[in-house]
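Single-letter residue listing:
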Amino acid sequence: MKKILKCLFIIIGTLIGAGFASGQEIFSFFNQFSDKGIIGIILSSVLFGIITYLMMNLSNKMNVSDYKSLVKNNKVLVSILKIFTFICFCIMIAAMGTYLKEQYGIHFWLGTSIFSVVCFATFLFQLKGLEKINNILVPLIILGMMMLGFCKVTNF
């Protein structure tokens, strides 16, 4: 069970951290549909869970332990994945620099530098670093999202 939670925290942390930061985008998007937005959140969560399960199950059946065995050392595909990953990483660093500038008045380049150092420190520990960060942050993110939902439902 502990391994399953660690895996789930990494998936959630990677998805939410990369795409939704504080969950504000989820709230903003689904909130515009009022009560029907809750159905959208539930439906998208279920679909995400099913797709994640199917992909993990397929990886297990194919005995895939890393992306290289999945792409079978196809140099073109590996290059495309590396370029895509680098571009996404640059976008996230720029977004964090912008966020720190808007929220705290920290200069853009200082914010991106801070975030780059944090990422570098995480990358030094490879999967263990990612696992530790997500084991701390994801429960806090989930708790924050639940509190936001509670405040919305109770009009607090």
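So, here is what we can say about the structure in this document. Here the structure is a predicted model, which means the values were calculated and not measured.

1. Looking at the overall build of the chain
- When helices and strands are tallied, the chain shows seven helices and zero strands.
- Counting from the amino terminus, the chain carries its helices and strands in the arrangement α-α-α-α-α-α-α.
- Looking at the chain as a whole, 15% of its 156 residues qualify as buried.
- Partitioning the intrachain contacts of the chain with sequence separation of at least 6 by distance along the chain shows that 47% fall at a separation of at least 24.

2. Topic: the packing of aromatic side chains
- With the rule as written, the count across this model stands at two aromatic pairs.
- With centroids separated by 6.3 Å and ring planes inclined at 80°, the aromatic side chains of Tyr-99 and Tyr-104 adopt a geometry described as edge-to-face.
- For Tyr-99, a relative accessible area of 39% gives the class partly exposed.
- A relative accessible area of 56% means that Tyr-104 is categorised as exposed.
- Between Phe-108 and Trp-109, the ring centres sit 5.1 Å apart and the planes meet at 75°, which makes this aromatic pair edge-to-face.
- We classify Phe-108 as partly exposed; its relative accessible area is 23%.

3. Quick notes on helix 5 (residues 75-104)
- Compared with an ideal rise of 1.5 Å per residue, which puts 30 residues at 44 Å, helix 5 spans 43 Å between its outermost C-alpha atoms and is within 8% of the ideal.
- Buried residues of helix 5: Val-78, Ile-93, Gly-97 and Leu-100, and no others.

Rules used in this analysis
Residues numbered from 1 in each chain as written. Predicted model: local features only at pLDDT ≥ 70, side-chain atom pairs only at ≥ 80, totals over all residues. Heavy atoms only, no water. Helix = DSSP H or I, 4+ residues; strand = E, 2+ residues; numbered from the N terminus. Buried < 20%, exposed > 50% of the residue type's maximum accessible area, 1.4 Å probe, protein only. Contact = heavy atoms within 4.5 Å. Phe/Tyr/Trp six-rings, centres within 6.5 Å; stacked < 30°, edge-to-face > 60°. Expected span 1.5 Å × (residues − 1).

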